[in-house]
Amino acid sequence: MPDNVKERLLLHCCCAPCASYVIEFLMPSYDISLLFYNPNIEPKDEYIKRKDELQAYLQKAALEQSITLLDTEYDNAVFSDAVLSLRKSPEGGERCKLCYRLRLNETAKRAKAGEYDIFATTLSVSPHKNTSLLNDAGEKAAAEFNVKFMQADFKKKDGYLRSIELAKKYNLYRQEYCGCDNEN
């Protein structure tokens, strides 16, 4: 690839605060498109709020001309059906592993279909997410769909702290939970 041409990256985004730092970090090196695919988010109003906040962040940071946001329809049933037997499992357990796979498989599938060079996720910027499990899910999805995955731990080197700074700077909504309501 010529030096002046950036690789095309499909970045799975869970929310605007996590995306803010990861975009800032990756933008100098990649031509980025974002994928908001999060069927785990409950209820639907929360899903819409997070999706709208991601779009608002792109506008506030003057990125809407250089970054494409690929949207998906709300489909919590795909998540609910997949984790039905795991609803009561603790945060960080088997339910989360399955959720990571679900989201990263869809990202890999879309990366392959869209002829992206590589895909990644913003999920590892959170100190509440197990980066090893995320990277494992990403590598499995990459192998299944024959597309390159970027292993990353974006919380390192103050990535999480920078995401908090950017959330404050752009007055971004910061949710209180990952997405699923495992009390149901």
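This is a predicted model, so every value here is computed, not measured.

*Asks:* When you look at the pattern of salt bridges in this model, what are you seeing that I'm missing?
*Replies:* Pairing is possible between side chains that carry opposite charge, provided their charged atoms lie close to one another. Applying the stated criterion across every chain yields a total of 12 salt bridges. Note that Arg50 is salt-bridged to Glu46, the shortest N-O span being 2.8 Å. A residue pair is termed a helical-turn pair when its members lie 3 or 4 positions apart in one helix, as Arg50 and Glu46 do in helix H2 (residues 44-60) at four residues. Judged by its relative accessible area of 10%, Glu46 falls in the buried class. When the shortest N-O distance is used, the salt bridge between Glu106 and Lys109 registers 3.7 Å. Placement of the pair is Glu106 and Lys109 together in helix H4 (residues 94-113), with a separation of three residues, close to one helical turn. Take Glu106: its relative accessible area is 14%, and that puts it in the buried class. Here the salt bridges do not stand alone but share partners, grouping Glu24, Arg162 and Glu165 into one network.

About the cut-offs
Residues numbered from 1 in each chain as written. Predicted model: local features only at pLDDT ≥ 70, side-chain atom pairs only at ≥ 80, totals over all residues. Heavy atoms only, no water. Salt bridge = Lys/Arg side-chain N within 4 Å of Asp/Glu carboxyl O. Helix = DSSP H or I, 4+ residues; strand = E, 2+ residues; numbered from the N terminus. Buried < 20%, exposed > 50% of the residue type's maximum accessible area, 1.4 Å probe, protein only.

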